[in-house]
Amino acid sequence: FGTYYCQSGRDVVVHLFEWKWADIQRECSWLAEHGYCAVQVSPPMEHRIVTDPPYPWWQRYQPVSYSMNSRSGSEQQFRDMVGACNDLGVYIYIDDVINHMTGGGAGVGSDGSSFDGDARDYPGVPFGPFDFNGPEQCPTASGEIEDYGDPIQVRNCMLVGLRDLRGGTAYVQDQTAGYMNKLIDWGVAGFRLDAAKHMWPADVSDTFAKLHDLNAQWFPSGTKAYVYQEVIDWGSEAVSGSEYTGIGRVTEFRHGKNIGDVVRKNFGQRMSYLSNYGEGWGQLNGLDAFVFIDNHDTQRTGDLNSILTFRQSNMYKIANAFQLAWQYGHVRIMSSYYWQQDIQDGRDHNEWIGPPGSGGSTSDVVCFDGDWICEHRWRQISNMVRFHNVALGYPVSNWWDNGGDRIAFGRSGRGFIVINNENGELSQSFSTGLPEGQYCDVITCDNNRPPCGDSGGACRGEFSVDGSGQALITVPAGEDPMVALHV
Ligand code: ARE
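From a predicted model like this one, the values you see are computed outputs, not experimental measurements.

1. Quick word on the environment of Asp118
Point 1. Following the sequence through the fold, Asp118 ends up in the loop between strand S7 (114-116) and helix H3 (151-156).
Point 2. Take Asp118: its relative accessible area is 51%, and that puts it in the exposed class.
Point 3. The spacing of Asp118 and Val366 is 248 residues in sequence and 40 Å in space, taken between C-alpha atoms.
Point 4. Beyond its immediate chain neighbours, meaning those up to four positions away, Asp118 contacts Gly104, Gly105 and Arg163.
Point 5. Polar side-chain contacts of Asp118 include one of 3.4 Å to the side chain of Arg163.

Right under this line is the structure:
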């Protein structure tokens, strides 16, 4: 299940976090034009409605049933979105929450189904007490995961109070696979498996073995759904990501932390150390890894001194340019909404704040209006998605560094990037490996070939590559300290 299917020449996933289905449907034409492969959407199933705090984003990680009215819209709107995006060759991956249901307490979900977390009763599915792990399976007195050093606790006890499904039973697998099959039949192409670390690998593979092939209206017959499993593995716990690589891709959380530390120059890190980035840094094999600079958790509750987000816009663009120009993992771009942080003692007390809107409903997306950040539309990022696509499958070449924070590398004649993460201008002749010709800097200009276009006067214009692949490239320090050229 680790193989994904993209329209030819596309590769990159964008997470349109908390966007409504109708807005995603509209966005798909822009995404198709700019070469994105797929959209990761927020959990689409019926979720709990949390009022204290008011309507946090995380209410959507508490399933009440697998019916489809959620904060992002109705079942019909979801289906319309999937069909319209598929028609444009932009595929939909859903955030798949099947490890658990809600936390404690009772109420009514976003589609009107009742639930009682204390009684472990979810009539909308239906699930009852026997479908959940209890004292027989979970060894802790609290029923919570108390020790991440014990794989049994990690898999059989509750993660932050969330009622933990017994994923090894045929009945539970039939319900969760049935939910996924409903979506596959509508045209969904992939799944981000939430909290995969908290499911036994065998249960995950048994569940995925029950899935239909993708809908033949849009996908070659016999194509399986794509799965990338959320396993947070810093290398220090009982459960490791490599237990899951046989099933599908696995999130590599060290990627965002490592690149963040390098670009921020934490712990004496330097850009020049990136010359063997990837497996050489002890990370998962690139063909198993699913990677991102930040995600919806790490941008809120991660190590905020390492992780880069839209809030450090200049360093964030450098980090994204590097991951898109390099060749490691399947890359996802984060697309966020703004919230006012309240940092006390190194922790953001506002991390729960839900998407823009009021009374638990979400506003229509208007990119760059101050509410919706739309990192995926930033020119420095979306043009690097193009670079990434053009270079797909071409090995890294022409590495250069100054031993410090200035690097340059090519992609075997398809692209070349120079990054100047130091003070002062960098100007010299580089061996690019590119064919002779005129190129535009896609970090600051609209086009890759002349006429370069003028994005508000920032465009650095044309660069000439001579017959031996040499080019004189000048990269100022400061905002956008990069030049990227591609065929
Ligand atoms: C909310 C409240 C809780 C309350 C609970 C039940 O915040 O106080 O007890 O509801 O009522 C998200 C939020 C949670 C939220 C939950 C449900 O982040 O705060 O709980 O939704 O609404 C571990 C897991 C990893 C998980 C992270 C958050 O291994 O799978 O914790 N990430 C996914 C999603 C989250 C989501 C869930 C799972 C649950 O991405 O957005 O939670 O569906 C070390 C360990 C990691 C551990 C990490 C954090 O790094 O190695 O394994 O991650 O610490 O604890």
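There is more to say, and it comes next.
2. A word on the nonpolar core
For soluble globular proteins, the rule of thumb is that nonpolar side chains tend to be buried together.
Point 1. Counting 125 residues, the largest nonpolar core has Ile24, Val39, Phe78, Phe191 and Met384 as its most contacted members.
Point 2. Residues contacting Ile24, with those up to four places away along its chain left out, are Leu16, Trp19, Val39, Val41, Met81, Cys85 and Ile92.
Point 3. The next biggest cluster of nonpolar side chains, apart from the first, holds 14 residues, and it includes Leu434, Phe463, Val475 and Leu485.

3. Topic: the confidence of the model for the protein chain
Point 1. Averaged over every residue, the pLDDT of the protein chain is 97; residues scoring 70 or more account for 100%.
Point 2. Here the predicted complex carries an ipTM of 0.98, next to a pTM of 0.98.

4. Thoughts on the side chain of Asn99
Point 1. With respect to the helices and strands, the residue Asn99 is situated in the loop between strand S5 (91-96) and strand S6 (106-108).
Point 2. Residue contacts for Asn99: discarding those within four places in its chain leaves Arg163, Asp164, Leu165, Asp194, Ala195, His198 and Met199.

5. Some words on the site of the ligand
Point 1. In the region of the ligand, 21 residues are neighbours, and Trp58, Lys197, His198, Glu237 and Asp297 sit closest.
Point 2. In this structure, Glu237 approaches the ligand through a side-chain N or O atom, which is 2.5 Å from an oxygen atom.
Point 3. When the free accessible area of the ligand is taken as 940 Å², the share hidden by the protein chains comes to 72%.
Point 4. Its residues assigned to classes, the shell around the ligand shows ten nonpolar, five polar and six charged.

6. Points about the sheet that holds strand S1 (residues 12-16)
Point 1. Judged by pairing direction, the barrel is parallel, and its eight strands sit side by side in the order S1-S2-S5-S8-S9-S10-S11-S12 before closing back on the first. Taking the axes of each pair of neighbouring strands and ignoring which way they run, one obtains an average angle of 30 degrees across the sheet.
Point 2. Helix H4 (residues 170-186) rests against S5 and strand S8 (190-193) of the sheet, and its axis sits at about 165 degrees to S5.
Point 3. Contacts between helix H9 (residues 379-391) and the sheet are confined to S1, strand S2 (36-41) and strand S12 (330-335), with S2 contributing the most and set at about 125 degrees to the helix.

7. Some thoughts on the environment of Ile343
Point 1. For Ile343, the location among the structural elements is in strand S13 (residues 343-344).
Point 2. Judged by relative accessible area, which is 45%, Ile343 ranks as partly exposed.
Point 3. Those residues in contact with Ile343 that sit more than four places away from it in its chain are Leu304 and Asp348.

8. Details of the state of the cysteines
Point 1. Scanning the entire structure with this criterion turns up six disulfides.
Point 2. Covalently, Cys440 is tied to Cys452 through a disulfide, its sulfur atoms 2.1 Å apart. Its torsion about the S-S bond being -80 degrees, the disulfide of Cys440 and Cys452 is classed as left-handed. On the criterion of sequence distance, the pair formed by Cys440 in strand S21 (residues 437-440) and Cys452 in the loop between S21 and strand S22 (462-465) is long-range, its members being twelve residues apart.
Point 3. Residue classification places Cys440 among the buried positions, given a relative accessible area of 0%.
Point 4. Residue classification places Cys452 among the buried positions, given a relative accessible area of 8%.
Point 5. For Cys445, the disulfide goes to Cys459, at an S-S distance of 2.1 Å.

Procedures and definitions
- Residues numbered from 1 in each chain as written.
- Predicted model: local features only at pLDDT ≥ 70, side-chain atom pairs only at ≥ 80, totals over all residues.
- Heavy atoms only, no water.
- Helix = DSSP H or I, 4+ residues; strand = E, 2+ residues; numbered from the N terminus.
- Buried < 20%, exposed > 50% of the residue type's maximum accessible area, 1.4 Å probe, protein only.
- Contact = heavy atoms within 4.5 Å.
- Polar contact = N/O pair within 3.5 Å; in protein donor to acceptor, adjacent residues only side chain to side chain.
- Core = buried A, V, L, I, M, F, W, Y, C linked by side-chain atoms within 4.5 Å.
- pLDDT = per-residue confidence, 0-100.
- Near = heavy atom within 4 Å.
- Areas by Shrake-Rupley, 256 points an atom, 1.4 Å probe, with all protein chains shown as cover.
- Nonpolar A, V, L, I, M, F, W, Y, C, P; charged D, E, K, R; others polar.
- Pairing = 2+ DSSP bridges.
- Axes fitted to C-alpha atoms, helices over the stretch in contact; angles between N-to-C directions.
- Disulfide = S-S within 2.5 Å.

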